[in-house]
Structures are given as structure tokens and as C-alpha cells.
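What follows is each chain in one-letter form.
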Amino acid sequence: MFLNIQSTKTLTNGIEMPRFGLGVYKMTERDETLQAIDKALKVGYRAIDTASLYGNEVEVGEAIRYSGIKREDIFVTTKVWNTDQGYDATLRAFEVSLKNLNMDYLDLYLTHWAVPETFEETYRAIERLYDEKLIRATGVSNHHEHHLQKLLSKANIAPMVNQVELHPYLQQEALKAFCAEHEIAVTAWSPLGRGGVLDNPTILEIAQELGKSAAQVVLRWHLQKDTLIIPKSVTPSRIEENAQIYDFELTQAQMDQMTTLNRNHRFGQDPDNFKFNF
Ligand code: NAD
């Protein structure tokens with residue numbers, strides 16, 4: 001599969017979504033955030049993944065405008081937080097996000113977590129935003145198969161993306177197969193396991209064989225598995241390093257070795273046991 005930093009995955013409605021982008025969770029310092037996004041866009045990143053929870057939508061919008069890159073050439077995702085869910089509340093939360101970003105449309109809007117009482121209504125609001133052409137694609141995050149099944153049974157527009165925790169220690173094969181069957185693109189959050197998989201001896205061995213870093217091996221593995229990725233870093237050298245994954249490939253034997261690393265280990269929370277009341 002030939003890939004470069006601009007490679008996209010075609011969503012069910014024909015929209016091209018970059019396979020690679022910058023995650024900006026925990027970027028809370030204004031200057032650090034502006035600099036990280038500026039660096040990423042200079043290196044060639046064309047997607048930014050934020051959320052109202054992250055408190056940096058204003059900086060994301062500013063950094064994109066400052067870059068001089070055309071708005072339509074950058075894919076912007078944000079998410080509706082748990083306490084803002086439900087039909088009307090989601091529509092209101094979207095207005096706030098759009099205002100914070102200072103944009104007139106978003107590329108992708110996601111339900112952040114499947115709040116049991118409200119996630120179906122939340123997705124109905126996302127469908128309305130799509131109908132009104134305020135977002136170019138619909139999606140969800142942290143949805144298990146049973147959540148998706150509920151949405152699919154009612155939705156007029158099936159979710160186009162599901163963003164879930166996914167890395168070598170949590171490979172999510174069953175969920176990925178379900179999503180593939182329903183043409184839902186899968187984005188990995190914490191694609192590096194928040195850095196927690198980078199000292200794995202097998203990954204380090206493959207990295208040595210390829211003359212690449214452990215982070216590069218993991219990110220390339222995701223791409224070869226047809227998973228979209230949004231690694232986060234504020235360190236300029238790492239932002240660059242994470243994008244240098246297009247001049248090598250893992251062999252089938254190395255891909256098979258990576259498969260053996262799954263241990264169903266979550267660094268974040270399980271969507272079914274999320275503490276929604278904090
Ligand atoms: P990640 O797997 O991207 O890991 C980020 C951490 O790994 C960095 O803080 C740094 O410590 C380390 N790192 C990054 N590049 C490195 C390199 N080249 N070498 C060594 N260490 C490196 O974890 P993440 O930030 O949790 O996830 C990425 C993005 O996913 C977030 O920024 C956010 O946009 C999204 N996310 C979404 C959800 C959700 O609920 N939808 C949850 C968590 C994260």
C-alpha cells in the first residue's frame with residue numbers, strides 16, 4: 001500500500017479524511033499549543049484532533065489561520081463532551097465549539113463517550129449538523145460494537161468514523177472487523193499507548209531491524225492495518241519524527257510479531273465503565 005503524509009481514507013460519503021494528524025489532548029499552555037500545531041503543519045500534518053474538553057479549540061483555530069494554509073486543506077475534528085450530550089445540548093455545544101475555533105464549518109464532529117442515557121440523541125444531533133452542512137462527516141468516539149449497533153438500527157446516516165483507544169497492547173480486532181463490515185473508519189487514540197508501548201522489546205527489536213524509532217514502527221504498523229492515527233507530541237523533534245513513517249514498511253513477519261503483542265490492556269478507561277458522573 002503506497003502511503004504518504006497526505007494520504008487519505010475515503011469515508012462512506014466520499015469525503016477524504018487524512019490518515020495521519022496531530023492529537024492535541026493535554027496541550028493546555030497557549031504558546032506550546034500554537035507552536036506544536038505550527039510545527040506540525042509545517043512538517044505536512046493536515047489534520048488536527050481536538051475536543052471541547054481539551055480547552056484549546058481557540059488556539060487550534062488561531063494556529064490554523066496563522067499557518068496561511070487554506071481552511072479546506074486542513075481536516076479539523078472536535079468532540080461533544082459528556083455533560084453537553086442530548087439533542088439540544090449537543091447543538092448548543094457545537095455552536096460554542098465552532099465559535100471557539102472561529103470557523104464556519106467543521107470536518108468531523110464526534111460524540112466523545114457513549115453516555116448511556118444520551119448517546120443516541122447526541123448522534124441524532126450530529127446527523128442534523130451534517131444535514132445542515134455544518135460538518136462534512138459524522139462520527140463517534142469510544143463506542144463499542146453494542147453502541148454502534150444501536151445507532152445503526154436508527155440512523156439515517158451511519159457514523160462514518162469511530163475513534164477508540166487502539167495500540168499494540170489493545171488491538172481491538174473484533175471492533176475493527178465490525179467497523180470494516182459497516183464501512184466505519186477507525187481512528188486510534190493513544191496510538192503510542194501514551195508512550196507506554198515504546199519500551200516493548202519486540203517493538204525495539206523491529207525498530208533496530210528497520211533503523212527506525214519505536215514510535216515510528218508503531219505508527220507505521222497502524223497505517224499498514226488501515227487505522228487512522230493522531231499521535232500527540234509538543235516536542236518539535238518528535239512531531240517531525242512521528243511524521244517520518246513513509247520511507248519504510250514492516251514486513252509481513254514483523255506485522256505478525258506485532259499481532260502477538262495484544263494483551264487487551266487499556267491505558268485509558270473502558271467505555272462501558274466510564275465514570276460519567278465526575
Ligand atoms: P499518544 O499515544 O499519542 O502518546 C502521546 C505521548 O507519547 C506524548 O505525550 C509523549 O509523551 C509520547 N511520545 C509522542 N511521540 C513520541 C516519540 N516520537 N518518541 C517518544 N515518545 C513520544 O497518546 P494521547 O495523547 O493520549 O493520544 C493521542 C490523541 O488522541 C490525543 O492527543 C487526542 O487528540 C486523542 N485522544 C482521544 C481520546 C478520546 O476519548 N476520544 C482519548 C485520548 C486521546
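Everything that follows concerns the structure shown earlier in this document.
Now for a description of the structure that goes with this document. Predicted, not measured: the structure shown is a model, and the values here were computed from it.

Of all the positions in helix 9 (residues 236-243), only Ile 239, Asn 242 and Ala 243 are classed as buried. Buried residues of helix 9, seen end-on, are gathered within an arc of 100° and therefore sit on one face of the element. Next to the buried residues of helix 9 lie helix 1 (30-43) and helix 8 (214-224).

A word on the nonpolar core. Grouped together as the largest cluster of nonpolar side chains are 84 residues, with contacts concentrated most on Ile 48, Leu 106, Tyr 109 and Met 258. The biggest single contributor to this core is helix 8, with 7 residues. Setting aside its immediate chain neighbours within four residues, Tyr 109 contacts Thr 78, Lys 79, Val 80, Thr 90, Ala 93, Phe 94, Ile 126, Leu 129, Ile 135, Ala 137, Thr 138 and Gly 139. Of all hydrophobic cores here, the second largest spans 6 residues; its members include Trp 81, Trp 113, Val 115 and Trp 189.

Turning to the pattern of salt bridges, a few remarks are in order. In total, this model carries 15 salt bridges according to the counting rule given. For Lys 42, the salt bridge goes to Asp 38, with nearest N and O atoms at 2.9 Å. Here Lys 42 and its partner Asp 38 are both found in helix 1, 4 residues apart, which amounts to about one turn of the helix. Given the relative accessible area of 65%, Lys 42 is considered exposed. Residue Arg 136 pairs with Asp 107 through a salt bridge whose shortest N-O separation is 2.8 Å. Residue Arg 136 is located in strand 7 (residues 135-141), and its partner Asp 107 is located in strand 6 (residues 106-111); the two are separated by 29 residues in the primary sequence. A relative accessible area of 30% means that Arg 136 is categorised as partly exposed.

Judged by how many residues are buried, strand 8 (residues 161-165) sits mostly within the fold: 5 of 5 residues are covered. The pairing of strand 7 with strand 8 spans 3 bridges and is parallel. Note that in strand 8 the partner of Gly 139 across the bridge is Val 161. The handedness of the strand 7 to strand 8 crossover, carried by helix 5 (residues 145-154), is right-handed. With helix 6 (residues 173-181) bridging strand 8 and the parallel strand 9 (residues 185-189), this β-α-β connection has right-handed handedness.

Before going further, it helps to spend a moment on the site of the ligand. Taken together, 27 residues form the shell around the ligand, and within it Asp 49, Ser 141, Ser 190, Leu 192 and Asn 242 come nearest. Lys 232 places a main-chain nitrogen or oxygen 3.0 Å from an oxygen atom of the ligand. Here the ligand, which alone exposes 840 Å², has 88% of that area covered by the protein. Ranked by residues supplied to the shell around the ligand, first place goes to helix 9 with 3 residues. Classifying every residue of the shell around the ligand gives 11 nonpolar, 10 polar and 6 charged.

The next thing to look at is the packing of aromatic side chains. The final tally for this structure, using the stated rule, is 8 aromatic pairs. Relative to Tyr 45, the ring of Phe 20 lies with its centre 4.6 Å away and its plane at 55°, an arrangement referred to as tilted. Taken together, the residues span a long stretch of sequence, with Phe 20 in the loop between strand 2 (16-18) and strand 3 (22-23) and Tyr 45 in the loop between helix 1 and strand 4 (47-49) at a distance of 25 residues. Tyr 45 carries the same exposure label as Phe 20, and that label is buried. Here Tyr 25 and Tyr 54 contribute two aromatic rings whose centre-to-centre distance is 4.8 Å and whose plane-to-plane angle is 40°, an arrangement assigned as tilted. Here the residue Tyr 25 occupies a position in the loop between strand 3 and helix 1, and Tyr 54 occupies one in the loop between strand 4 and helix 2 (57-67), the gap between them amounting to 29 residues. In this structure Tyr 25 comes out as partly exposed when scored by relative accessible area, which is 33%. Of the aromatic side chains, those joined through ring pairs into one cluster are Trp 81, Trp 113, Trp 189 and Phe 274. It is Arg 124 that lies over the ring of Tyr 87; its NZ or CZ is 4.3 Å from the centre. The residue whose ring lies beneath Arg 263 is Tyr 169, and the NZ or CZ to ring-centre distance is 3.7 Å.

Rules used in this analysis
Residues numbered from 1 in each chain as written. Predicted model: local features only at pLDDT ≥ 70, side-chain atom pairs only at ≥ 80, totals over all residues. Heavy atoms only, no water. Buried < 20%, exposed > 50% of the residue type's maximum accessible area, 1.4 Å probe, protein only. Helix = DSSP H or I, 4+ residues; strand = E, 2+ residues; numbered from the N terminus. Arc of directions from axis to C-beta. Contact = heavy atoms within 4.5 Å. Core = buried A, V, L, I, M, F, W, Y, C linked by side-chain atoms within 4.5 Å. Salt bridge = Lys/Arg side-chain N within 4 Å of Asp/Glu carboxyl O. Pairing = 2+ DSSP bridges. Right-handed = clockwise from strand over helix to strand, strands pointing away. Near = heavy atom within 4 Å. Polar contact = N/O pair within 3.5 Å; in protein donor to acceptor, adjacent residues only side chain to side chain. Areas by Shrake-Rupley, 256 points an atom, 1.4 Å probe, with all protein chains shown as cover. Nonpolar A, V, L, I, M, F, W, Y, C, P; charged D, E, K, R; others polar. Phe/Tyr/Trp six-rings, centres within 6.5 Å; stacked < 30°, edge-to-face > 60°. Lys NZ or Arg CZ within 6 Å of the ring centre and 35° of its normal.

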